[in-house]
Amino acid sequence: MRILEAHVEHARYARDFGQVEVLVAFLVKEEGRPVPRQIRIRTAEPAQGSTPLRQRLIASAKGLLIARHTGHLIDMPHAA
């Protein structure tokens, strides 16, 4: 599987938890499929952190996408 694009489609601030929840749309090309397809993943990250929020949200969604595709959880470094 190869990720061609990633876009944040919907975001909202969950004030009670201090997190931003998003829906990330990935355009992926999978082996054996002639046409790329879109996969959407919902994730959340703390609103405050040392790296840019958009970058953390896409990385989190990417980790979930890979875990779903491979069936294995991936140890992602958490940016605090």
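Structure shown above.
A quick note: this is a predicted structure, and the numbers were derived from the prediction, not measured. (Residues numbered from 1 in each chain as written. Predicted model: local features only at pLDDT ≥ 70, side-chain atom pairs only at ≥ 80, totals over all residues. Heavy atoms only, no water.)

Draft legend 1. Spotlight on the sheet that holds strand β3 (residues 37-46). Pairing is antiparallel across the open sheet formed by three strands, whose spatial order is β1-β2-β3. Across the chains shown, the open sheet's two edge strands, defined by having one partner strand only, are β1 (2-14) and β3. Averaged over all pairs of adjacent strands, the angle between strand axes in this sheet comes to 20°, irrespective of strand direction. When β1 meets strand β2 (residues 19-29), the two strands line up antiparallel, connected through eleven bridges. When the sheet's bridge partners are listed, I3 is paired in β2 with V28. Packing of helix α1 (residues 53-70) onto the sheet brings it into contact with β1, β2 and β3, and relative to β3 it is tilted by some 125°. (Pairing = 2+ DSSP bridges. Helix = DSSP H or I, 4+ residues; strand = E, 2+ residues; numbered from the N terminus. Axes fitted to C-alpha atoms, helices over the stretch in contact; angles between N-to-C directions. Contact = heavy atoms within 4.5 Å.)

Draft legend 2. Focus on the environment of A6. Its place among the elements puts A6 in strand β1. Distance in space between the C-alpha atoms of A6 and A59 is 9.9 Å, their sequence separation being 53 residues. In this view, A6 contacts V24, A25, F26 and I58; residues no more than four positions away in its chain are not counted.

Keep in mind these values describe shape, not function.
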